Each structure stands twice: as C-alpha cells, then as structure tokens.
Amino acid sequence: MKRILFIGIGIPLMLAALVGLVGLATTPPSAAIRTIFIADNIVTMADAGPSGERDQTINAVYVNDGVIRGLGALDDMRRLAGANADEIDLRPATLLPGLIEVHTHPIAAALLGATVDVSGFTHDSRESVMAALEYAAASFSPSPWLLAFGWDPVMIDDLEAPTLAELDEISPDRPMVILTQMMHDAYANSAALAAAAIDDDTVNPPGGEFVRDEDGRLTGTVREIAAIDRLLDAMPPAPAGAADLLLSLQYAKYARAGYTTLAVLGATGKQPKSIEMMAALAEDEHVPVRTVVYGLPEQLDAGNWKARSGNSRFTIRGVKFWMDGSPFAGGAAWAGPYENTPLTLERLHLGRDHRPELTHDEASFEREFARFHEAGFQVAVHAQGERAIDRVLDVAERVQARSPRPDARHRLEHNALITRAQLSRALELGVTPSFFIDHIRFYGHRLPEIVGAERTERYMPIATALALGHRATLHSDNPATPIAPMRVLQTAVSRKPRSADPGGGDVVIGAHERLTIEQALRAITIDAAWQLGLEATIGSLEVGKAADFTVVDRNPFDVTPEALTDLSVVSTWLDGQPVDTRPWRRANVALAWTALRSVLFEGED
Ligand SMILES: [Zn+2]
C-alpha cells in the first residue's frame, strides 16, 4: 500500500509552491503561559459530583504551563492566577475535555484520502460511482496509476461488481485499481493486471484469489489482502516525505473535527516504518494531536519498541490482532451462519450458511498474546462475532492465570454481536470493549439481511456493557467511516440507521441499547482516556490534568439528539495551546520540500 503514496505527490507540489508566499513567514498561533479560559458552559466530565457537566458554578479554567490549575468561578480563578494572567473569552461556546478517538488508522486514512472517493458516504447509486471513475480517468493526474477507494455494495443498493470490460473502457491504458470500503476485495483493469504480471495462469497466493470466469479468464476481481498486495506492489514508489506529509495533514483533519488524542489500532498502510514515522511527527511541538499506538506484532518487533515508551504526545501502548473480519465482507465469525439472502449470496458472493474461519489458530494466538502480555503491552483484538470473542476470552483467561497482570485492560474491538454472558466474562477478566457504533448508522438498514432480525436487535450492545459495569468506549475506525465525533454521539444516543428509504430515519435498532448523552460523551472522553491508560492526564477537566480542550458552538447537553450533528467545533487545544491545523504550518512545508526534492533530484536522497 505504500505505493499509494505516489498519488499524494500533487499535494506536496502545491504546498511547496506556497513556501515563498506564506509558509515560513507565518508564526503559529499561541497562548500565554498563564491563561484563564472563560465559557458559559464548561463540561468537565469529572467523576466527582452527580453530574459535573451541569455545575453552573464553573465558568472559568485556569491553566499554567499547559496544566489545569483551577476550575471555578471567574473571580476565584482571577485570584488564583494572580496579576497579568491572560484571559481567553470563549463565550458563548462550550468547553469540553479534548475528545479521544480510541480506534482509528490515520496512515491508511491519509493514503486512501489521496485516492478517488467511490464510497457510499459520497455516492448513492452505481451510476454516480461509475461517473466519478470516468471523471478521474479523464482528468490530469501526476500519478501513473489511478486508485479508487470505498466501493461498497452494502451501502449502495445497486452496486453490482464491475466487469473487466467496463474497467478497461474507463481506463484503457492507465492502470486502475478500485479498493472496496472493507478493503477485502479489489477490482483491477487489464493494464493494472499486466503491470503486476498477473495473467490467466497466475497461481493464487495463500489466502488470496485472482477471480476467474468459467473459461479460466481473469475477471478483474481480486480477493483478500494477499492477492491485492500483488497489485499494489507493482505501483511506482512514492517520493520520500510524501507519506509523512499526508499523515501530518490527516492529523489536522482529526483536530479540526474535535479530536485531541488518537489511538492507532494497528498502524495499517504497509509502511515499513509507520511507527517511526508517527514518532518523528510527534517530535514537532505543533503536532495537532496526541497519538497512542497499538502496533502490529511485526512492526513492534522490527523497531524493538517497548510498552509505554514515548512521551506525552506519542506513546507505545499495545499490540493489535484480528480474530475475524468484516460483517459486510463475510468475515465476521458469528456463532451461527450468515443469513441466506440475495444480499449475502448474490452481492457479497458468500456461500449458503456462510461461517468463516477464525483468523488465528488457538495455539499460535496464545503464544503471541502471552508474549506481548508478559512484555507489558495492552493486547487489542478485532472481534465481531461470538466465536471470535470466545477465542479471545479463552486465551486471555489462560494467559492471565499463568502470568497474572492486574489491570492489564486488554481490549476487544468492535464487538458487533458480543453477548451479555461474554461481556460479564470480559469484565471478570479485566478485558474492556470498544464499540464501532456507526455500523448502526451506515449499515443498520441492511443488517436484517445479513444477521436476521433477532441478531440485529442486539447488535453493538453498549448499554448492556455499561449496565454490567464496563467503561466501554465508542470509535469510528476511520477510514472505515468518516471522522465526525458528534455523529458518533448521535448514533449512540439514537441508534437510527441512515437509510435511503423514506421514513427509514424513524427506525431504531435495539432501542434498549440507546445511551444518554452523558454516557455517550464519557465513551469518547474520560472512559476513553481510561481505556488507553491515560486517565491520570487526559479525558476530563480536573486540576492537574493536561489542558486539552475541544470548544464547540453549543452545549451537547442542551440540544436534542437530532441536533447533535449540527454542533460545530470552534477550536481544539493541546496543553493549553491552540492547535495549528493550517495545511502550510512549518513542519508541513519542510516535508513538502523533502518530497519535492526527492522528485526533482531523484536518487540523491
Ligand atoms: Zn480498525
């Protein structure tokens, strides 16, 4: 996938052109060392008090050297700060603790963000998707390959797979590859297949398939990562610095949306040095977000990374595994089979009574789990179906029995159909769940065709988790869904699918699993901080914690659930300083220059 980077070359070139105009001449925004922040609504999310967010006596926060030193009435804060403290008046906006995204993939998002968008977030018909591809194929681009991302036959009702003839007509000579939203399938034109030396006689790699028709001819459909990588490896390499620049720009997108901390759950993107790249970006004091990294095993091993190493802006926290796949690509290891419907059989091409294998066999997974557990890492495992969750819990129980580690906070990711009994068992084992709640919004209307009515009602059971005593969290798994924390809150509170059907907006999926706004906000602030092991420093507004703020134009406690997505983020603050989200901030200009040099003076770097 690193070859995708080449697509990003247009951005470095444009940015570099800005250097002489504005880049180095502008100074980043900054606040004084001693500052009082004033707001009508200050939502602390602190544990103290029955509902700290409604404490009307707090309308000022005193910050000294990036740390919260006091919260209370403005006069009290003025006395505490003494003479000459700056005052920043945020009224009429609302001050929240900096929001935390506990599960995302910024490198993949950065690289795929530079490709043609064919997703169900942007398009609602096959005609619209094909028009976007035709437009891109006809437009000028510095990249020799055309890459598209987001093909989604579940979200877009009439999206039949493209034929090889269709792809060749759109792009006869230039190699073209379309990645599906779930990234388990791809479609390639003849030029891309030829460039990757894939022909009718090519042997399928283990775990992957170049799909052929009845006559043994390639169809352009490529299944699973092992086969898709053969295509992507044929793409020309990207210039040095381009990936770093795209990632830096991606961080700013999270910050503009209101996030101040990201947990990277598997530094996917096949960059050989992804963790090192994130560590290097965090060296810049103006990096827009904190990053908490859960590396892939081979990445952690290759860099010899230690658990909890890093600094306040960059921490190595855990390791990431996948125990099953995506519900919408036939990969989720439910206890029972997938439903047999036109969607699963004809559109997703699953067999009857489809029941996928788990990704890891029990013995080798237990060895790896134990190795990272004993080295002090948090172990986070993607698990959607009950069978996948059982295997993770079985292994966690045995490893904890052999080498007890209190408060390890190993994580279960997504948890589409986790049962009440599994949640109870997880709680006993100290395993903490994070939920991919926006499956409800974007795929909810198709769930009955995938898992049936009964299982749809218990999909993403987060209220059950909270009732049992879990500190569960919510995530958006960007780029799997767009970055938008207020949308995450709204989905958790309403559990309404976005549907193309008129009146579909009144459907509620699993009404008993709806959260209050306070519960939902906890799941992306203080409980998210706890899940990352950072509750002592971030996640709520309390004396002694970092001054990480998200400023929104209205108080989320004072609007209807429907209006939550209308809230705008005014600004974000890290350690008491305004976050610099300008694309031409100094660090980006330097990266753009590196990229431009490696293109102009190829081979000299
Ligand atoms: Zn993920």
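Residues numbered from 1 in each chain as written. Predicted model: local features only at pLDDT ≥ 70, side-chain atom pairs only at ≥ 80, totals over all residues. Heavy atoms only, no water.

Engineer: Please clarify how the packing of aromatic side chains should be interpreted in this entry.
Structural biologist: To describe a pair of aromatic rings, you give the distance between the ring centres and the angle between the ring planes. Scanning all chains against the criterion turns up eleven aromatic pairs. Here the aromatic rings of F365 and F369 are separated by 5.8 Å at their centres, their planes lie at 75 degrees, and the arrangement is edge-to-face. Highlighted residues: F365 and F369, both in helix α12 (residues 362–374), separated by four residues, approximately one helical turn. In this pair, the class of F365 matches that of F369, namely buried. Cluster of aromatic residues (ring-pair linked, three or more members): F321, F365, F369, F372 and F377. (Phe/Tyr/Trp six-rings, centres within 6.5 Å; stacked < 30°, edge-to-face > 60°. Helix = DSSP H or I, 4+ residues; strand = E, 2+ residues; numbered from the N terminus. Buried < 20%, exposed > 50% of the residue type's maximum accessible area, 1.4 Å probe, protein only.)

Engineer: Got a minute to help me understand unusual backbone geometry in this structure?
Structural biologist: Backbone phi values are negative for most residues with the exception of glycine, while trans is the configuration of most peptide bonds. Following R91, the chain continues to P92 via a peptide bond in cis, the omega torsion being 5 degrees. With respect to the helices, strands and loops of the structure, P92 is situated in the loop between β5 (86–89) and β6 (94–97). Note that the residue after N478, namely P479, is joined by a cis bond; omega there is 15 degrees. Within the element layout of this structure, P479 appears in the loop between β21 (473–474) and α18 (485–494). Located in the positive-phi region is M45, a residue other than glycine, with phi close to 55 degrees. Relative to the helices and strands, M45 is located in the loop between β2 (41–42) and β3 (60–64). The class for M45 is buried, based on a relative accessible area of 2%. Phi is positive for D477, which is not a glycine, with a value near 55 degrees. By the element assignment, D477 lies in the loop between β21 and α18. The class for D477 is buried, based on a relative accessible area of 9%.

Engineer: Just checking my understanding: could you explain the domain arrangement of the protein for this structure?
Structural biologist: Interface size is commonly expressed as the accessible surface area that is lost when the partners come together. Domain boundaries in the protein define domain 1 (112–232) and domain 2 (323–522). Taken over C-alpha atoms, the centre of domain 1 sits 28 Å from the centre of domain 2. Contacts between the two partners involve 17 residues from domain 1, matched on the other side by 16 residues from domain 2. Around 1,500 Å² of area is buried between domain 1 and domain 2 when both sides are counted, 58% of it from carbon and sulfur atoms. Looking at the side of domain 1 facing domain 2, the largest losses of area belong to F121, V154 and M182, adding up to 42% of the total buried there. Across the domain 1-domain 2 interface, the total number found is two salt bridges. Of the charged contacts, one joins R446 and D157 as a salt bridge, the two residues approaching to 2.6 Å between their closest N and O atoms. Scanning the region where domain 1 abuts domain 2 turns up nine residue pairs in polar contact (both at pLDDT 80 or more). Of the residues that constitute the side of domain 1 that touches domain 2, the class distribution is nine nonpolar, three polar and five charged. (Domains from an automatic or database assignment. Contact = heavy atoms within 4.5 Å. Buried area = accessible area lost by both parts, 1.4 Å probe. Salt bridge = Lys/Arg side-chain N within 4 Å of Asp/Glu carboxyl O. Polar contact = N/O pair within 3.5 Å; in protein donor to acceptor, adjacent residues only side chain to side chain. Nonpolar A, V, L, I, M, F, W, Y, C, P; charged D, E, K, R; others polar.)

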